[in-house]
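Remarks on the overall topology
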Amino acid sequence: MSVGLGHLWVYLETTPLLGLVGTLAAYVFAEALSRRLGHPALANPTLIAILLLVLFLLVTRTAYATYFQGAQYVHFLLGPATVALAVPMHANLAQIRRSAAALLPALLAGSLVAAGSAMLIARALGAPARVVLSLVAKSVTTPIAMGIAERIGGQPSLAAVFVLITGLTAAVLVGPLLRALGIRDWRAVGLAAGTAGHGLATARVLLLSETAGAFGGLAIGLNGVLTALFAPLLIRLLAWLPAWPLGG
Amino acid sequence: MLQALLTLLLCQFLGEIAANALALPLPGPVIGLLLLLVLLIARGGPDEPMRAASQRLLQYLSLLFVPAGVGVITQLDVLGRNWLAVALSILVSTALGVVVTGWVMARLSRPR
């Protein structure tokens, strides 16, 4: 890097524009790339944008705090966006009431099994508390998951990445797994996608059936609120097991 | 539009206050979500500006996770040491979540 460029860089690092422009540019590029590839499940724009920015920060040896000075303006909007999830939830209320007798037990069982098994497996394989507690909300839509992780002593950034990977995994698994079990009810397929894999898996099943998409949509909001409620209880419950408590 | 944005921010604000003052286990924005939901039920649904504002925000939801996701750069050492535990945990628990939810729902749903 020449002296002139070096000076320019020192200046850029002090302005929030770098992080802001970088975030938007990486996302616009990632979205265009995903569209060009025909929106395959694994070419998720958010994941591509994150990878690009991480590479950029590593190569330019820029501190995350420096990047976040600008990126915080985007990040801030997550709060009101989480609140805004109430609007699609309200639109689904009638549907939720109509199928509550099947929907709520299925949601509760799937949600508890996903969160509990994630913690147990990670813990059994020796992952430290920070990682285990960031896995609890991995099936929950990202804004709620990050809030939960922060609240229970996990790490919001780890949670955000775990949520993305979980969504991609569920998007790939939901069709083949349920077909193998002979489950063809679109309401069940949609609810499973939304409960285990939030918006990413729901977008996948929406391509197959609108009913599946609608049930995925209700599962996303309900599972977020449900997991926020049971996460602290689940952690306390698992603390009774041997090879716990979460010290490491 | 401005009023709808103010409502969203106010719900979040009250949610954060409630979460901290009452030491609730729920994150502030989730309490805000529940507050807005109660408000919407009381009013019989969102008005047009609220519908537009929330739709606009949620349309860009996947962009809004990017700054936090990049924060994984501060956790690369932890991830590097625990990648197998994380990968297996996510793979198995996600498969179990899909199967249990789908199976219970299919069992309990009335055929139509």
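As a further point, take the packing of helix 2 (residues 17–36) of chain A against helix 3 (residues 45–60) of chain A. Between two packed helices, both the angle of their axes relative to each other and the distance between the axes serve to describe the pair. Residue and element names in this part refer to chain A. The geometry of helix 2 relative to helix 3 is characterised by a closest axis approach of 8 Å and an angle of 135° between their N-to-C directions. When the interaxial angle is binned, helix 2 and helix 3 end up oblique. Two packed elements cross with a definite hand, and for helix 2 against helix 3 that hand is right-handed. Where helix 2 abuts helix 3, its residues Gly22, Thr23, Ala26, Tyr27, Ala30, Glu31, Leu33 and Ser34 lie against Pro45, Ile48, Ala49, Leu52, Leu53 and Phe56. Taken together, the residues of the contact of helix 2 with helix 3 break down into ten nonpolar, three polar and one charged.

Residue and element names in this part refer to chain A. In this model, helix 11 (residues 156–180) (25 residues) spans 35 Å end to end at C-alpha, consistent with the 36 Å of a helix rising 1.5 Å per residue. The largest bend along helix 11 measures about 40° and falls at Leu173, with the proline Pro176 one to four residues further on. Of all the 25 residues making up helix 11, 19 are buried; the element is thus mostly covered by neighbouring parts of the structure. Of the residues trailing helix 11, Gly182 is marked for its positive phi of about 75°.

Residues and elements named next belong to chain A. Domain boundaries assigned for chain A yield domain 1 (3–76) and domain 2 (84–238). Computed from C-alpha coordinates alone, the two centres of domain 1 and domain 2 are separated by 28 Å. Taken together, the residues of the side of domain 1 that touches domain 2 break down into three nonpolar, two polar and no charged.

Rules used throughout
Residues numbered from 1 in each chain as written. Chains lettered and ligands numbered in written order. Predicted model: local features only at pLDDT ≥ 70, side-chain atom pairs only at ≥ 80, totals over all residues. Axes fitted to C-alpha atoms, helices over the stretch in contact; angles between N-to-C directions. Helix = DSSP H or I, 4+ residues; strand = E, 2+ residues; numbered from the N terminus. Parallel < 35°, antiparallel > 145°, perpendicular 65-115°, else oblique. Left-handed = near helix turned anticlockwise from the far one by under 90°. Contact = placed C-beta atoms within 7 Å. Nonpolar A, V, L, I, M, F, W, Y, C, P; charged D, E, K, R; others polar. Expected span 1.5 Å × (residues − 1). Bend = angle between axes of the 7 residues up to and from the residue. Buried ≥ 20, exposed ≤ 12 C-beta atoms within 10 Å, placed from the backbone. Domains from an automatic or database assignment.

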